[in-house]
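Each chain, letter by letter, is given below.
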Amino acid sequence: MIEFKKVSKSYGNFKALDNCTTQVSKGEVVVVCGPSGSGKSTLIKCVNGLEPFQKGELLFNGVSLGATKTNLPKLRAQIGMVFQHFELFPHLSVMENLTLGQIKVLGRSKEQANEKAQKLLDRVGLTSQAEKFPGQLSGGQQQRVAITRALCMDPIAMLFDEPTSALDPEMVNEVLDVMVALAKDGMTMMVVTHEMSFAKKVADRVIFMDEGRIVEDCSKDEFFAHPENRKPRTREFLEKILTH
Amino acid sequence: MGYDFDVIERSWVYLFRDGMTFSVTLTLLAMLGGIVLGTLLALMRLSPYKTLNIIAGGYVNIMRSLPLVLVIFWFFFLVPYIGGWLTNSNQPMKVGAFASALITFTMFEAAFYCEILRAGIQSIPQGQVSAGQAIGLNYRQTMSFIVLPQAFRNMLPVLLTQTIILFQDTSLVYVISSTDFLGAASKIANRDHRLIEMYTFAALVYFIICFTASMYVRRLQTRISIIR
């Protein structure tokens, strides 16, 4: 469903992405990890065109992201995205956050949109928060609303950019639970995260990046069960984050 | 010779019905026009297209570098010719003093509103734009539903303060012989030889209006701020 073919991106002399080739099939959950600045966020932001790239080809559901005639808004409406800092719209209520895209992009009526939003809010356990503003919710609640906002658009794939790294530790699990449920429902997901527990639980594959390159790209079992087969850079990284 | 404040009572109707109506109407219309034009200019200045940047940037810099009185004069003589040229007639178009003043103030204030709105738009984090785009909104929708509502709210106090200054500046229309509130007061003052009384009264009226308005802006600021 998502296909990277030798994708490269650079800012001046700095290579943000260097010849990245990988693919994500329908229903697959792929965790992308790596040290900060390794290009993992840039990689997933290329998928919905939030980051343009200079070389290579990137296909989402058969549509080329690099082509100038691609209708980006239309493509983006099919891909849900969850950000590190939630990025809920602070001037709109939770319900308005959830219905804006449905009404303006998908052309649903207000009633349809409200109904859909309420149903999904119930599923993430935020039934009674619809009329509040984002600033009145905790970080964990805001991130669950953000996931719901993406799901309201009936996306065929979801991108997560470090969804739990801006959260207080006690709120991480409420967000991960929602993501695990989503993965188990068969959603196609690309997840940038350092939560290895999440990777172990639901990931099909793990990609490890460093300095804009894809260093490892293998099944979850291979990745965690055989550290001796990993490259030195990967082992060093894993030792740092797994020893605690 | 004593002071005669009865002159105020005698000229009350003229001062407010003619003078103040002119001042307030000009201020409100120029504010509306200025904000609309200013928003367009701000979007042009922030757009990725170089040509639009240069046009809007040039416009703003020219307007902000000229004295307002000069622009009022200049447009008063220039606008009829532009009007004639636009309507393809050989005669300069007849443009009244009010219309000329309105065009001048709208265009002049737009430069200032533009800079305020540009700062407001830039204060909205890039993540908000990305979030708007990520749910499939196009540029226009992202601007009108996500960025501008937040920018306006953040900038409303400054926009209104600029409008208070605009209200004071409308008194400059005396140079094209329009009668605003100050102009009306000035006419009465000269007619009845009550200069001190009338100017004191005019000063008091401007003070009360502008001071009340700025107090209101301050209260509004706390009421409409976005919950964070």
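My aim in this report is to walk through the structure given alongside it, one point at a time. (Residues numbered from 1 in each chain as written. Chains lettered and ligands numbered in written order. Predicted model: local features only at pLDDT ≥ 70, side-chain atom pairs only at ≥ 80, totals over all residues. Heavy atoms only, no water.)

A short note on the overall build of chain B
So, point 1. Scanning chain B from N- to C-terminus turns up eight helices and zero strands.
So, point 2. For chain B, the α and β elements follow one another from N to C terminus as α-α-α-α-α-α-α-α.
So, point 3. Counting contacts in chain B only where the partners sit at least 6 residues apart, residues at least 24 apart contribute 79% of the total.
So, point 4. Summed over its atoms, the accessible surface of chain B is roughly 12,300 Å², and 67% of this surface lies on carbon and sulfur atoms. (Helix = DSSP H or I, 4+ residues; strand = E, 2+ residues; numbered from the N terminus. Contact = heavy atoms within 4.5 Å. Areas by Shrake-Rupley, 256 points an atom, 1.4 Å probe, with all protein chains shown as cover.)

A short note on the pairing of strand β4 (residues 55-60) of chain A
Regular strands have side chains that alternate between both faces of the sheet.
Residue and element names in this part refer to chain A.
So, point 1. Sheet analysis places strand β1 (residues 2-11) next to β4, joined by five bridges and oriented antiparallel. Residue pairing in the sheet places K5 in a bridge with E57 of β4.
So, point 2. Two successive antiparallel strands, β4 and strand β5 (residues 63-64), enclose a turn made up of two residues, where N61 displays a positive phi of approximately 55 degrees. (Pairing = 2+ DSSP bridges.)

So, the sheet that holds strand β9 (residues 205-210) of chain A
All names here are of chain A.
So, point 1. A sheet is described by the order of its strands in space; here six strands give the open sequence β6-β7-β8-β3-β9-β10, paired in mixed fashion. This sheet does not close on itself; its edge strands, each paired only once, are β6 (79-82) and β10 (213-219). In this sheet, adjacent strand axes meet at a mean angle of 15 degrees when their direction is disregarded.
So, point 2. Pairing between strand β3 (residues 29-33) and β9: four bridges, direction parallel. Counterpart to V30 in the pairing with β9 is R205.
So, point 3. Here helix α9 (residues 232-242) sits on the sheet in contact with β3, β9 and β10, set at roughly 105 degrees to β9. (Axes fitted to C-alpha atoms, helices over the stretch in contact; angles between N-to-C directions.)

Notes on the pattern of salt bridges
Residues and elements named next belong to chain A.
So, point 1. Scanning the model with the defined rule gives 23 salt bridges over all chains in all.
So, point 2. Where D154 meets K116, a salt bridge forms, and the shortest distance between an N and an O atom there is 2.6 Å. Remark: K116 occurs in helix α4 (residues 110-123) and D154 occurs in the loop between α5 (139-151) and β7 (157-161); sequence separation between them is 38 residues.
So, point 3. The partly exposed category is assigned to D154, whose relative accessible area is 40%. (Salt bridge = Lys/Arg side-chain N within 4 Å of Asp/Glu carboxyl O. Buried < 20%, exposed > 50% of the residue type's maximum accessible area, 1.4 Å probe, protein only.)

Regarding unusual backbone geometry
So, point 1. Positive phi is not limited to glycine here, since E162(A) has a value of about 45 degrees.
So, point 2. Even without being glycine, S177(B) reaches a positive phi, approximately 60 degrees.
So, point 3. The topology assignment puts S177(B) in the loop between α6 (139-169) and α7 (181-192).

Focus: the interface of chain A and chain B
So, point 1. Contact with chain A, which involves 22 residues of that partner, is made by 20 residues of chain B.
So, point 2. Contact between chain A and chain B buries roughly 1,800 Å² in total, counting both sides, with carbon and sulfur atoms accounting for 68%.
So, point 3. When the buried area of chain A at its contact with chain B is split by residue, F89(A), P90(A) and H91(A) rank highest and sum to 31% of it.
So, point 4. In this structure, the connection of chain A to chain B is made through zero salt bridges.
So, point 5. Linking chain A with chain B are five residue pairs in polar contact (both at pLDDT 80 or more).
So, point 6. For the side of chain A that touches chain B, the secondary structure elements donating two or more residues are α2 (72-76), β6 and α3 (94-104) of chain A.
So, point 7. At three residues, α3(A) tops the list of elements feeding residues into the side of chain A that touches chain B. (Buried area = accessible area lost by both parts, 1.4 Å probe. Polar contact = N/O pair within 3.5 Å; in protein donor to acceptor, adjacent residues only side chain to side chain.)

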